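# Summary of the model geometry
The residues making up each chain are set out below.
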Amino acid sequence: MADEMKNEAGTNPMKVESEYGADQIQILEGLEAVRKRPGMYIGSTSIKGLHHLVYEIVDNSVDEALVGACDTINVQINEDNSITVEDNGRGIPVGIQEKAGRPAVEVVFTVLHAGGKFGGGGYKVSGGLHGVGASVVNALSEWLEVYVCREGKIHKQRYERGNAVMPLTVVGECGDRHGTKVIFKPDAEIFEDTVYDFSMLQQRLREMAFLTKNLKIVLTDVRGEEPVTKTYHYEGGIREFVTYLNRSAVALYPDVIYCEGTQNNVYVEVALQHNDGFNENIYTFVNNINTPEGGMHLTGFKNALTKVFNDYGRKNKILKDNEENLSGEDLREGLTAIVSVKIEDPQFEGQTKQKLGNSIARAATDSVVTEQLTYFLEQNPAIAKAICEKAVLAQRARAAARKARDMTRRKTALEGMTLPGKLADCSDKDPKNCEIYIVEGDSAGGSAKTARSRATQAILPLRGKILNVEKAREDRIYGNAEIKAMITAFGTGIHEDFDIEKLRYDKIIIMTDADVDGAHIATLLLTFIYRFMPELIKTGHVYLAQPPLYKVEKNKKVWYAYSDDELNSILMEIGRDSNNKIQRYKGLGEMDAEQLWDTTMDPAKRVLKKVMMDDETRSELDLTFTTLMGDQVEPRREFIEQNAKFAKNLDI
Ligand code: TSJ
């Protein structure tokens, strides 16, 4: 419908504002509230809120796809950072709605729907209700245009900051086509930033496509010299989602196990596959909205999984009569799963309202998974056996780990905290003033100890490669000296014992060589922190130091360059001649203490990268670490090249 909809020939834009303004006052008040307190409706006016507008509109087209009325959604980032969303559904109804006395489509865009509210986490409270959120997007847009192709005619209406500036008008014929197109430009008066991020949209739209099998979502960006297009279309839906999440791991069996069914009007879909690793990655969704805190659907899934495998294990004598049941944790070792439910009137609970509260969803998920997983295992005994055997190994390792952990706990209780011998601690006792440098190698550690500011900077040198916690079972991890040293130095404890109040340093700074090996070591360290004390990253206490790559000397003056680009611009500035002396630093060890202080450790001059993570990027980040630590070489190399992706520049 695109071309004809753009064609406004035959319209009479007219001066309808006066005629139009009168009975709109009440509505304006509603949308005025949205403009006054946008955060209440879209979570925030940051870059996150800006992207939320797109999801709000796209959600409506996805609803249309869910009832089987459309199969394609096009999303385009236009040159001016306005957004076009277009579907091939039935088209929003254009008939006069009795209560409002105006066309239904106009009501959708100008009446604030009671159910369309957002909490802090940005979720949709009302499920399945059509048009929710469209008025919020309209209110927060400098302008918005809707084109509805329905009953053979193209209907158009335009709004500015939530106000209709023309009545719904027929602007052309649509032949046998049908659908809805919305173009909107987020209001720069509202949003801190109005530039869209392609990869952010890409991530969420891909997720939506995974969650809605057979729906095709096309994302186009026309802002660059060449348009960029990505198409997401998964016939397998969440089955392919699991394959995608496991793409750089080694699967324990080739199939993705899939369960689907409806109970009490709750539609349940689950896909799962184990890999040969040890981490549990379960992502849960309600009405296509991510629930990072889980809730009833997750509980139902876990219960069913544990029960079905134990029953199977007993029945098939994989578990002997005198042996303990496999725990849920054992059975979920290396598990990647998607749990997706669709439910009317979802209740969101928990501090950030990201946890599903409807107990009916627990019962439905439990029974759908119990029934279908039992059947699947009976049909696929080799897979059932592989999973059970992995869980038995996990059970043994867990018992050994528990013993090791109890020992370290007892030790700390008896002897108090014994700080590692290699740690050169700082003298200031107020953690707020303190930072710890984790330094690769003894020689660099030596320079750092000489260079540091003793009062506030502690140095912990680590030897060689760090244990890859993605590839080691817990008992081995606890036996590792470097890991033990970090745990005691940080002071917080790990996992369920973690307590941020006990953190001994405000900044944990990872300092490694500026080369591929250094990047690898930094990632191993980050992986350890991420798996054992993710709160440290979430609360922004973890940093990467940035040692320079080059030293340039000329006429007794010194410059440091942190990248090749920077080197070139320095050389441009001072002139590239034979009086130049350029030194390439191959490692931290090549710098003397003074140079290390000047370039990398002096809080007045250094640049640190802060390691960031939030719930929305959790799945990508998880994946990033898994990718790097996994067995396959290609994804790892790719990752190292893009290492800066999860670290944001922060000048300190
Ligand atoms: F909400 C919105 F206005 F922002 C919006 C809605 C934006 C976009 C891009 C698409 C849509 C949308 C709405 N696509 N498809 C629909 N479908 C309906 O509104 C619709 C159509 C027919 C019937 C029917 O019962 O005949 C019912 C509905 C809800």
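Here we summarise the structure given alongside this text. (Residues numbered from 1 in each chain as written. Predicted model: local features only at pLDDT ≥ 70, side-chain atom pairs only at ≥ 80, totals over all residues. Heavy atoms only, no water.)

### Re the overall build of the protein
Per the secondary structure count, the protein includes 22 helices and 27 strands. Evaluated residue by residue, the protein yields a buried proportion of 54% over its 652 residues. Considering only residue pairs separated by 6 or more positions, the protein has 69% of its internal contacts joining residues 24 or more positions apart. Split by element, the accessible area of the protein, about 29,400 Å² in all, is 49% carbon and sulfur. (Helix = DSSP H or I, 4+ residues; strand = E, 2+ residues; numbered from the N terminus. Buried < 20%, exposed > 50% of the residue type's maximum accessible area, 1.4 Å probe, protein only. Contact = heavy atoms within 4.5 Å. Areas by Shrake-Rupley, 256 points an atom, 1.4 Å probe, with all protein chains shown as cover.)

### With respect to the nonpolar core
Counting residues in each nonpolar core, the largest one holds 61 residues, and the members touching the most others are Phe-109 and Phe-184. Contacts of Phe-109, omitting those with residues within four sequence positions, involve Leu-31, Ile-92, Ala-134, Ser-135, Asn-138, Leu-144, Val-146, Tyr-159 and Val-182. Residues Ala-472, Ile-487, Tyr-505 and Leu-524 belong to the second largest nonpolar core, which totals 42 residues. (Core = buried A, V, L, I, M, F, W, Y, C linked by side-chain atoms within 4.5 Å.)

### Focus on the side chain of Ser-82
Looking at where Ser-82 falls in the secondary structure, it is placed in the loop between β1 (72–77) and β2 (83–87). Side chain to side chain, Ser-82 and Asp-80 meet in a polar contact 2.7 Å long. In contact with Ser-82, other than residues within four places in its own chain, are Gln-76, Ile-77, Trp-143, Ile-183, Phe-184 and Lys-185. (Polar contact = N/O pair within 3.5 Å; in protein donor to acceptor, adjacent residues only side chain to side chain.)

### What to know about the pairing of strand β11 (residues 228–233)
Pairing analysis gives six bridges linking strand β10 (residues 216–221) to β11, with the strands arranged antiparallel. Residue Leu-219 lies in a different strand from β11, and its bridge partner there is Lys-230. Linking β10 back to β11 in an antiparallel pair, the connection comprises six residues. (Pairing = 2+ DSSP bridges.)

### Quick notes on the packing of aromatic side chains
Applying the stated criterion across every chain, the model contains seven aromatic pairs. Ring geometry for Phe-210 versus Phe-241: centroids 4.5 Å apart, planes at 10°, classification stacked. Of this pair, Phe-210 sits in helix α8 (residues 198–211) while Phe-241 sits in helix α9 (residues 238–245), and the two are 31 residues apart along the sequence. One aromatic cluster is present, formed by Phe-210, Tyr-234, Phe-241, Tyr-244 and Phe-285 through successive ring pairs. A cation sits over an aromatic face here: Lys-181 above Tyr-147, 5.4 Å from the ring centre. The side chain of Arg-239 reaches across the aromatic face of Tyr-258, ending 3.7 Å from its centre. (Phe/Tyr/Trp six-rings, centres within 6.5 Å; stacked < 30°, edge-to-face > 60°. Lys NZ or Arg CZ within 6 Å of the ring centre and 35° of its normal.)

### A word on the pattern of salt bridges
Here the idea is simple: oppositely charged side chains can pair when their charged atoms come close. Scanning the model with the defined rule gives 32 salt bridges in all. Note that Arg-161 and Asp-187 form a salt bridge whose closest N and O atoms lie 2.5 Å from each other. Of this pair, Arg-161 sits in the loop between β6 (153–160) and β7 (163–164) while Asp-187 sits in the loop between β9 (179–186) and α8, and the two are 26 residues apart along the sequence. With a relative accessible area of 30%, Arg-161 lands in the partly exposed category. Linked through salt bridges whose partners overlap, the residues forming this network are Arg-35, Arg-161, Asp-187 and Glu-189. (Salt bridge = Lys/Arg side-chain N within 4 Å of Asp/Glu carboxyl O.)

### A word on the layout of surface pockets
Volume-wise, the second largest pocket comes out at about 1,500 Å³. Every residue lining the second largest pocket is counted, 40 residues in all, and those nearest its centre are Asn-279, Glu-280, His-495, Arg-531 and Pro-534. Of all the elements in the fold, those that place two or more residues in the lining of the second largest pocket are β14 (281–286), α10 (296–315), α13 (381–415), α15 (474–478), α17 (516–532), α18 (534–538) and α21 (618–629). Considering each element in turn, the lining of the second largest pocket owes the most residues, six residues, to α13. Among the residues making up the lining of the second largest pocket, the classes are represented as 15 nonpolar, seven polar and 18 charged. (1 Å grid on protein atoms, 1.4 Å probe; cavity = no way out; pocket = protein on both sides within 12 Å on 5 of 7 lines; lining within 4 Å. Points joined across faces, edges and corners; volume = space filled by probe spheres on them. Nonpolar A, V, L, I, M, F, W, Y, C, P; charged D, E, K, R; others polar.)

### As for the sheet that holds strand β24 (residues 557–561)
Pairing is antiparallel across the open sheet formed by three strands, whose spatial order is β24-β23-β25. Since the sheet does not close on itself, it has two edges, and those belong to β24 and β25 (581–584), each with one partner. The mean angle between the axes of side-by-side strands here comes to 20°, regardless of whether they run parallel or antiparallel. In the sheet, strand β23 (residues 550–554) pairs with β24 via five bridges, with the strands oriented antiparallel. Bridge pairing links Tyr-550 to Ala-561 in β24. (Axes fitted to C-alpha atoms, helices over the stretch in contact; angles between N-to-C directions.)

### As for the sheet that holds strand β16 (residues 335–342)
The strand order β12-β13-β16-β14-β15 describes an open sheet built from five strands, whose pairing is mixed. The outermost strands of the open sheet, each flanked by one partner alone, are β12 (257–263) and β15 (289–290). Taken together, the six bridges between β14 and β16 define a ladder with parallel strand orientation. Within β16, the position partnered with Tyr-283 by the bridge is Ile-338.

### Notes on the environment of Val-228
Looking at the secondary structure, you find Val-228 in strand β11. Of the residues examined, Val-228 reaches a relative accessible area of 38% and is grouped as partly exposed. A sequence separation of 152 residues divides Val-228 from Gln-76, and the C-alpha atoms of the two residues are 9.8 Å apart. Setting aside residues up to four positions removed in sequence, Val-228 forms contacts with Phe-198, Leu-219, Thr-220 and Asp-221.

### Digging into the side chain of Thr-212
You can see Thr-212 is positioned in the loop between α8 and β10. A polar contact is formed between the side chain of Thr-212 and the backbone oxygen of Met-208, at a distance of 3.0 Å. At 3.5 Å, the side chain of Thr-212 forms a polar contact with the side chain of Asn-288. With near-sequence residues (within four places) excluded, Thr-212 lies in contact with Val-62, Leu-66 and Asn-288.

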